[in-house]
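# Structural characterization, general
Residues per chain, in single letters:
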Amino acid sequence: LWKKATIVCSAMTIEEAFFRGWLQKRIGLFASTALFALAHSGLGQPLLGERRLALLRDLGARNSAARTARQACQFTVEMLAGSPDVTFALAYLDGALQAMTPDAESVRAGAAPALVKELSIPGGTLVLGISPQRPFDEQYAAFLDLVAAQLASTIGNAHAYEEEKRRAEALAEIDRAKTAFFSN
């Protein structure tokens with residue numbers, strides 16, 4: 001039985017933690033049930049990894065439908081909007097904002113610089129807010145890099161789709177011209 005809780009650490013910072021508990025009957029005059037919990041920072045890592053892996057899986061499935069780079073950014077930001085690991089997200093291509101989570105600009109303005117990560121994507125930047133309730137460690141950084149890599153891959157696929165569409169339209173135009181030439 002896993003439970004997520006928010007605890008206050010000794011430095012008066014709020015941190016997300018996971019507890020593993022079990023039920024055990026107490027024997028005595030009053031038969032009751034007590035819940036004993038064991039808290040350890042290492043115990044939550046499998047749950048955290050599963051949560052992040054599920055987001056990456058869903059991101060890949062959702063982004064496969066993107067046909068333009070803008071759609072790729074929109075789909076990625078929509079998926080990140082509900083994640084507890086990302087407090088806000090903004091996607092820029094060629095310096096122009098393509099997509100953002102609700103209130104992302106105001107949240108970014110009020111966020112500490114250490115809680116804002118800018119990641120490079122083809123032709124732009126993905127700006128992500130990290131959770132103040134999780135330590136920013138190697139696993140967190142790797143997760144954010146994977147999100148950016150997923151978006152980069154989707155943008156590449158969207159560019160390839162657009163190029164293939166242009167080629168097909170050019171071939172259709174050549175075919176129409178050829179048909180008109182030979183019909184005269």
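The structure under discussion appears in the preceding block.
Residues numbered from 1 in each chain as written. Predicted model: local features only at pLDDT ≥ 70, side-chain atom pairs only at ≥ 80, totals over all residues. Heavy atoms only, no water.

Another point: the overall build of the protein. Helix and strand content of the protein: 4 helices and 7 strands. For the protein, the residues scored as buried account for 29% of the 184 residues in total. Residue pairs at least 24 apart in sequence account for 48% of intrachain contacts in the protein once pairs closer than 6 positions are excluded. Summed over all atoms, the accessible surface of the protein reaches about 11500 Å², with 59% contributed by carbon and sulfur. (Helix = DSSP H or I, 4+ residues; strand = E, 2+ residues; numbered from the N terminus. Buried < 20%, exposed > 50% of the residue type's maximum accessible area, 1.4 Å probe, protein only. Contact = heavy atoms within 4.5 Å. Areas by Shrake-Rupley, 256 points an atom, 1.4 Å probe, with all protein chains shown as cover.)

A few words now on the pairing of strand S5 (residues 96-100). Within a regular strand, side chains alternate between the sheet's two faces. Sheet analysis places strand S4 (residues 86-93) next to S5, joined by 4 bridges and oriented antiparallel. Paired with leucine 90 across the strands is methionine 100, a residue of S5. Counting the residues in the hairpin turn of S4 and S5 gives 2 residues, including aspartate 94, whose phi is positive at 50 degrees. (Pairing = 2+ DSSP bridges.)

This next bit is on the pattern of salt bridges. For the coordinates displayed, the defined rule picks out 9 salt bridges. The closest approach of N and O atoms between glutamate 163 and arginine 167, which form a salt bridge, is 4.0 Å. Separated by 4 residues within a single helix, glutamate 163 and arginine 167 lie in helix H4 (residues 138-183), roughly one turn from each other. Among the residues examined, glutamate 163 registers a relative accessible area of 33% and is labelled partly exposed. Assessed through its relative accessible area of 49%, arginine 167 is described here as partly exposed. Of the charged contacts, one joins lysine 178 and aspartate 175 as a salt bridge, the two residues approaching to 4.0 Å between their closest N and O atoms. Note that lysine 178 and aspartate 175 are positioned in helix H4 at a spacing of 3 residues, about one turn of the helix. Residue classification places aspartate 175 among the partly exposed positions, given a relative accessible area of 41%. (Salt bridge = Lys/Arg side-chain N within 4 Å of Asp/Glu carboxyl O.)

In space, the 4 strands of this open sheet follow the order S5-S4-S7-S6, with antiparallel pairing throughout. Each edge of the open sheet carries a strand with a single partner, namely S5 and strand S6 (116-121). This sheet shows a mean twist of 25 degrees between the axes of neighbouring strands, independent of strand direction. Its contacts with the sheet put H4 on S4, S6 and strand S7 (124-130), and the angle it makes with S6 is roughly 35 degrees. (Axes fitted to C-alpha atoms, helices over the stretch in contact; angles between N-to-C directions.)

Counting buried residues along S4, 7 of its 8 residues qualify, which places the element largely inside the surrounding structure. Pairing analysis gives 7 bridges linking S4 to S7, with the strands arranged antiparallel. Bridged to tyrosine 92 within S7 is threonine 125.

Let's shift gears to the nonpolar core. In terms of nonpolar packing, the biggest core is built from 27 residues, with Leu126, Leu128, Phe143, Leu144 and Ile155 touching the most fellow members. Of all the secondary structure elements, the ones that give two or more residues to this core are helix H1 (45-63), helix H2 (69-80), S4, S6, S7 and H4. Considering each element in turn, this core owes the most residues, 7 residues, to H4. Those residues in contact with leucine 128 that lie beyond four places of it in its chain are Leu80, Val86, Phe88, Ala89, Leu115, Val116, Lys117, Leu119 and Leu144. With 6 residues, the next largest nonpolar core counts Phe88, Leu90, Tyr92 and Ala104 among its residues. (Core = buried A, V, L, I, M, F, W, Y, C linked by side-chain atoms within 4.5 Å.)

Across residues other than glycine, the phi torsion is negative in most instances, and most of the peptide bonds are trans. Although it is not a glycine, aspartate 94 sits at a positive phi angle of roughly 50 degrees. Within the secondary structure, aspartate 94 sits in the loop between S4 and S5. For aspartate 94, a relative accessible area of 73% puts it in the exposed group. One non-glycine residue, aspartate 103, lies in the positive phi region at around 60 degrees. Relative to the helices and strands, aspartate 103 is located in the loop between S5 and helix H3 (104-110).

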